[in-house]
Amino acid sequence: MEGVSMEGVSMEENIKYPVWQTLKKMLKYCFKADKNIYLYFVIFTITGGLYPFLGVLLPKYLLNAISKPDGEMKDILTIVLIFLALMAFFGFIRTFIRALAYPRISYVRLQYLGKTFDKMVSIDYKYMEDANFLEDNSRALDSTNSNDNGVEGVYSRLFDAGPVALTALGLILFIGRLNIWILLGLLLNVTAGIWVKRSASKFLYKRKQDVAHAERRMRYYYNTTHDFGYGKDIRLYRFQDRIDQNYNGEIKGYVKVQRRIKNQEYFIGLLEILSFFISNGLTYAILVYKTVNGMSIADFSMYITAVTTLTVMLATLAEQFSFILNEGQYVYDYFQFIDADMGDKEHQDKSEKVKSIKERETLEIVFDNVSFCYPGTDKYIFKNLNFTIHKGEKLAIVGINGAGKSTLVKLMMGLFDVTEGEIRINGIPIGEFNKKELYAMFSAVFQEINVLAYTVKENIACSSIDINEEKVTNALEKVGLKNKINTLPKGINQTMLKVIEEDGVEFSGGESQKLAIARALYKDARMVVMDEPTAALDALAEAEIYESFSDLVEGKTAVYISHRLASTKFCDRIAFFDGDGLREYGSHEELMDAKGAYYNMFMIQGKYYNEEVAVSE
Ligand SMILES: Nc1ncnc2c1ncn2[C@@H]1O[C@H](COP(=O)(O)OP(=O)(O)OP(=O)(O)O)[C@@H](O)[C@H]1O
């Protein structure tokens, strides 16, 4: 695929792209999405294309009527009225059709935007944790975000270009019959205009990485100062000065990029002015010469209006054409982005080979000589890791911060691909599963909880159809949220968050965590993965979850990551990770007897609990 590196999905700074192919694709897409736009285009082109001719012809007819020796006021008025009536008629239709078509064009653009949503939620997870991913693709993504640029900009300009092109064509034939040099002068002017705009845009496109980089950094300051979440830390730790200081540095960087772009535009803009002078000089010289040699004043006036109108039309056409060329580039990036396989395409050959395991079969997961570094880094989080999570086993994963506990579960669930080695689920390498099937095997609760602006029951069932309300209520009861739900006016039908509905309910951190556990319970997948699921819970709620843990994971293989070592007691085995990988593995009793790293950590944590208990006693 031209210009796109599949691995990093970063666009090369290649400013060539297949314009016609891109436009053809856009036109086909528009036809599929809304055929009426084509009908409107035809009417708009005819009415809008004829309209300017009225302005060109009016002066000639008027001057002829006025200069007639026996000319009457009545004739002049009739001419004016006929022209005005025709102008009003064409003008009205043109404006009316445009008003009908534009919302439809916006609708088509929103369909493109919807496709980016689909894409973003189905591409491999590894892209979501890649800091450069959004930056590399920002122009492709932005191309669906505005009414003025990108997809909608190109459609609007194509729509508007119809009448302009029709008028220009008529006037070219009209003026061409009089004198070909006037036309050539005008064409020189237009070509220079297109060239100037295209050069400026190419330069801007080449700098797009710099611009996106500078904008991302600027946006960071906007987000941190506007996000309530940062408000407390910024005030209490006096981050204001630091923010000011850094922001001022960023502005300088941003302005530097903008200045380079504007300087370039300025220099090439001077050439455009030069071509304008040449073209206009030529036109006036030829028309004056012709009038001196016998052409009537009425014709002089008509040709001057025709040339002026054609100049405006060609300039508009040039502007539209350059705009389409320039913005089309971002639409091309958009298509490249949508069409690129980022793990979201079902492969014919792969789906034939796709393996699956029996419906309710309990899972066994084997890490076979697994090594892993995050994409774009060379630091190994694991090297030659070997261990097995047996069928039905409850494994606690504990260890120091940054040891790779969360990374381990991300690998196990296929969110990242291993760098070396293999992970197998019931003997099948995870790469051979269909991604949807793989994700369906896990009920997971993560450290970060994401509540969506849907109803409580939709947040738990993760669907809006076929919700088993009894199952929802049971899950809520098991995680201790029943009382909370009973206080909500609409119960499980209450919308969450205030982003969409004003009466949306906001849960506390702990309540959201309980909701996430309820979601995992409802999913009832074959394996349960809990990554710090009780970090935000109070001691009572935590104890309740601990007590009901066996019930929650009954008959399933389960992995429980926690810094609270008390949680390890209800697990069958413990895997202790330090910065160098898996350090200790065994049951709680075995590891305590071994008096190693786990024993030390357990004793240190226990010491403070015991002291606290002693003090309170
Ligand atoms: N997307 C990422 N890209 C690059 N490095 C990452 C990424 N996510 C995590 N890391 C790094 O991987 C290492 C392991 O992180 P991980 O979150 O797995 O540790 P953890 O054991 O779960 O830590 P904690 O106990 O603090 O939650 C850390 O050094 C972290 O900085």
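Residues numbered from 1 in each chain as written. Predicted model: local features only at pLDDT ≥ 70, side-chain atom pairs only at ≥ 80, totals over all residues. Heavy atoms only, no water.

In the annotation of an unreviewed UniProt entry, the chain is listed under the name ABC transporter ATP-binding protein and assigned to Anaerocolumna chitinilytica. One UniProt comment on the chain, placed under Subcellular location (unreviewed entry), says "Cell membrane". (UniProt positions renumbered as here; feature names shortened; annotations may be inferred.)

1. Quick notes on the overall build of the chain
Across its full length, the chain carries 21 helices and 12 strands. Here the C-alpha atoms of the chain give a radius of gyration of 35 Å, more than 25% beyond the 25 Å that 2.2 N^0.38 yields for 617 residues. A principal-axis box enclosing the C-alpha atoms of the chain has dimensions of 120 × 60 × 50 Å. Here the chain holds 617 residues, and the buried ones make up 44% of them. Of the contacts formed within the chain by residues at least 6 apart in sequence, a portion of 75% connects residues at least 24 apart. Accessible surface, the chain: about 33300 Å² in total, of which carbon and sulfur atoms supply 58%. (Helix = DSSP H or I, 4+ residues; strand = E, 2+ residues; numbered from the N terminus. Rg over C-alpha atoms; globule rule 2.2 N^0.38 Å. Buried < 20%, exposed > 50% of the residue type's maximum accessible area, 1.4 Å probe, protein only. Contact = heavy atoms within 4.5 Å. Areas by Shrake-Rupley, 256 points an atom, 1.4 Å probe, with all protein chains shown as cover.)

2. Examining the UniProt feature "transmembrane region" (unreviewed entry) in the chain
UniProt feature "transmembrane region" (unreviewed entry): in the numbering of this structure it lies at residues 37-56, 76-97, 154-174, 180-196, 266-288 and 300-318. Along residues 154-174 one finds 100% helix and 0% strand; the C-alpha atoms at either end are 30 Å apart. Across residues 180-196, the secondary structure splits into 100% helix and 0% strand, with the terminal C-alpha atoms separated by 24 Å.

3. Details of the pattern of salt bridges
Taken as a whole and judged by the stated rule, the model has 18 salt bridges. With a shortest N-O distance of 3.5 Å, Lys435 and Asp124 are connected by a salt bridge. Here the residue Lys435 occupies a position in helix α14 (residues 435-440), and Asp124 occupies one in the loop between α3 (73-122) and α4 (131-136), the gap between them amounting to 311 residues. Lys435 sits in the partly exposed class, given a relative accessible area of 23%. Overall, Asp124 belongs to the buried group, its relative accessible area being 10%. Its salt-bridge partner being Glu469, residue Lys457 comes within 2.8 Å of it at the nearest N-O pair. Taken together, the positions of Lys457 in helix α15 (residues 456-461) and Glu469 in helix α16 (residues 469-478) put the pair 12 residues apart, joining distant regions of the chain. Relative accessible area serves as the criterion here: at 15%, Lys457 is assigned to the buried category. Through salt bridges with shared partners, a single ionic network connects Asp368, Glu422 and Arg424. (Salt bridge = Lys/Arg side-chain N within 4 Å of Asp/Glu carboxyl O.)

4. Looking at the sheet that holds strand β4 (residues 382-389)
Spatial ordering of the open sheet is given by β4-β3-β6-β7, a layout of four strands whose pairing is antiparallel. Every interior strand has two partners, whereas the edge strands, β4 and β7 (428-429), have only one. By the bridge criterion, five bridges tie strand β3 (residues 365-372) to β4 in an arrangement that is antiparallel. Pairing of Val366 across the sheet is with Thr388, part of β4. (Pairing = 2+ DSSP bridges.)

5. Observations regarding the packing of helix α2 (residues 36-67) against helix α6 (residues 150-178)
Two elements in contact, α2 and α6, have axes whose closest approach is 8 Å; the angle formed by their N-to-C orientations is 40°. Comparing their axes, α6 and α2 come out oblique. In the crossing of α2 with α6, the sense of the turn from one axis to the other is right-handed. Contacts from Ile37, Tyr40, Phe41, Phe44, Thr45, Ile46, Gly48, Gly49, Pro52, Phe53 and Val56 in α2 reach Leu158, Phe159, Asp160, Gly162, Pro163, Leu166, Thr167, Gly170 and Leu171 in α6. For the contact of α2 with α6, a count of residues per class yields 13 nonpolar, six polar and one charged. (Axes fitted to C-alpha atoms, helices over the stretch in contact; angles between N-to-C directions. Parallel < 35°, antiparallel > 145°, perpendicular 65-115°, else oblique. Left-handed = near helix turned anticlockwise from the far one by under 90°. Nonpolar A, V, L, I, M, F, W, Y, C, P; charged D, E, K, R; others polar.)

6. Side note on the site of the ligand
Neighbouring the ligand are 14 residues; Glu129, Lys405, Ser406, Thr407 and His563 lie closest to it. Contact between the ligand and Ala403: an oxygen atom at 3.1 Å from a main-chain N or O atom of the residue. Separating an oxygen atom of the ligand from a backbone N or O atom of Gly404 is a distance of 2.9 Å. Summarising the interface, the protein chains cover 69% of the accessible area of the ligand, which totals 640 Å² for the free molecule. (Near = heavy atom within 4 Å. Polar contact = N/O pair within 3.5 Å; in protein donor to acceptor, adjacent residues only side chain to side chain.)

7. Focus: the domain arrangement of the chain
Entries for the chain in the domain assignment read domain 1 (4-339) and domain 2 (365-444 + 562-616). On a C-alpha basis, the centres of domain 1 and domain 2 stand 56 Å from each other. Facing the four residues of domain 1 at the interface are seven residues of domain 2. In total, domain 1 and domain 2 occlude about 490 Å² of area from one another, counting both sides; carbon and sulfur atoms represent 54% of this. On the domain 1 side of the contact with domain 2, Tyr125, Lys126 and Glu129 bury the most area, a combined 79% of that side's loss. Across the contact surface, domain 1 and domain 2 share three salt bridges. Counting every contact that joins domain 1 to domain 2 gives three residue pairs in polar contact (both at pLDDT 80 or more). Split into classes, the residues belonging to the side of domain 1 that touches domain 2 amount to one nonpolar, no polar and three charged. (Domains from an automatic or database assignment. Buried area = accessible area lost by both parts, 1.4 Å probe.)

8. Thoughts on helix α1 (residues 19-33)
Along its 15 residues, α1 runs 21 Å from first to last C-alpha, staying within 8% of the 21 Å computed at 1.5 Å per residue. Val19, Thr22, Leu23, Met26, Tyr29 and Cys30 are the residues of α1 that are buried. Angularly, the buried residues of α1 cover 125° about the axis, an arc narrow enough to put them on a single face. More than 90 degrees from the buried face of α1, the exposed residues found are Trp20, Gln21, Lys24, Lys28 and Lys32. Buried residues belonging to α1 abut α2, α3, α6 and α11 (297-339). (Expected span 1.5 Å × (residues − 1). Arc of directions from axis to C-beta.)

9. Focus on the sheet that holds strand β8 (residues 442-445)
Taken together, the six strands give an open sheet; going across it, the order is β8-β9-β10-β5-β11-β12, and neighbouring strands pair in mixed fashion. Looking at strand neighbours, the two that pair on one side only are β8 and β12 (581-586), the edges of this open sheet. Each strand axis lies, on average, 15° off the axis of its neighbour in the sheet, ignoring direction. In this sheet, strand β10 (residues 557-561) lies alongside strand β9 (residues 527-531) in parallel orientation, the contact comprising five bridges. Looking across to β10, one finds that Met530 is bridged to Tyr560. Relative to β8, helix α18 (residues 509-523) is tilted by about 175°, and along the sheet it contacts β8 and β9.

10. Side note on the side chain of Thr167
Tracing the backbone through its elements, the reader meets Thr167 in helix α6. Taking relative accessible area as the criterion, Thr167 reaches 1% and is therefore assigned buried. In contact with Thr167, other than residues within four places in its own chain, are Gly48, Gly49, Pro52, Phe53 and Met313.

11. Section: the pairing of β9
Along β9, five of the five residues are buried, which leaves the element largely enclosed by surrounding structure. Here β9 shows a buried face lined by Met527, Val529 and Asp531 and a second buried face lined by Val528 and Met530. Relative to β9, β8 runs parallel, the two sharing four bridges. Bridge pairing in β9 links Val445 to Met530.

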